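Here is how the chains run, residue by residue.
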Amino acid sequence: MTNPNISSLSDRELLIETQRVAGTERQTTAALVALLAEVDTRRLYLGEGYSSLFAFCTRALHLSEQAAYGRITAARAARRFPTILSRLAEGAISLTTVGLLAPHLTDDNHEAIIDAARGRSKRDVERLVAAIQPQPDIPSSIRALPVTPPVP
C-alpha cells in the first residue's frame, strides 16, 4: 500500500485497496501452498530440525495450528491435482473448500468436483461432499422407555 495512513483514504480508495489486498492475499496463499508442497516432497523440514511439516509450519513459519493444517492439506491435494493452485489464486475456491473436498478427489472426478465447488459456500460444499459420498441411513430402532412408578 502506498499510503500507510489508512484513515486518510477516501471511501472509494479504501474499497479499491481492500480488493487489491484481498487478491494479493489469495495469490500469496496459493504460492505458499505450492512452496509447502515442494518442501513436503523434499522433506526439507527434517534438515531444519522439525519432525513434520506441521511442526515446521507452526514453529518456523509461526502459522496457527489451524492455518498450518489447512495449508498442508491444500498442499498435498495440490501436489496430486495442480489445478487447485490456480483456483485458490483466483479465489474460485478457498482453503476450507479444498479441505472438505481433498479426501474425495480422484484422478477421474477432481476436475468436475472442483468446478462444482467454484464460488460455493462451506455449507454448499458440504452438501456437494454428501452427494459424492452419501452416508448410509441410520437404522431405525425401537426401545422401551423406562416405566416410572406413579407418585402416591
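Residues numbered from 1 in each chain as written. Predicted model: local features only at pLDDT ≥ 70, side-chain atom pairs only at ≥ 80, totals over all residues. Heavy atoms only, no water.

Caption draft 1: A look at the overall build of the protein. Looking only at helices and strands, one finds eight helices and zero strands in the protein. In the protein, the order of α-helices and β-strands from amino to carboxyl end is α-α-α-α-α-α-α-α. For 152 residues, the compact-globule formula gives about 15 Å, and the C-alpha radius of gyration of the protein, at 22 Å, lies well above that figure. Each principal axis of the C-alpha atoms in the protein carries an extent, and together these give about 80 × 45 × 40 Å. (Helix = DSSP H or I, 4+ residues; strand = E, 2+ residues; numbered from the N terminus. Rg over C-alpha atoms; globule rule 2.2 N^0.38 Å.)

Caption draft 2: Layout of unusual backbone geometry. Positive phi, close to 55°, is recorded for Arg43, a residue that is not glycine. Here Arg43 lies in the loop between helix 1 (11–42) and helix 2 (44–47). Positive phi outside glycine occurs at His62, with the angle close to 60°. Tracing the backbone through its elements, the reader meets His62 in the loop between helix 3 (53–60) and helix 4 (65–80). For His62, a relative accessible area of 65% translates into the label exposed. (Buried < 20%, exposed > 50% of the residue type's maximum accessible area, 1.4 Å probe, protein only.)

Caption draft 3: Structural context of helix 5 (residues 83–90). Every buried residue of helix 5 is accounted for by Ile84, Arg87 and Leu88. Angularly, the buried residues of helix 5 cover 100° about the axis, an arc narrow enough to put them on a single face. Next to the buried residues of helix 5 lie helix 1, helix 4, helix 6 (95–101) and helix 7 (110–117). (Arc of directions from axis to C-beta. Contact = heavy atoms within 4.5 Å.)

Caption draft 4: Looking closely at the side chain of His104. Looking at the element boundaries, His104 is found in the loop between helix 6 and helix 7. Each residue touching His104, except ones within four places of it in the same chain, is listed here: Asn109, Ile113, Val129, Ile132 and Gln133.

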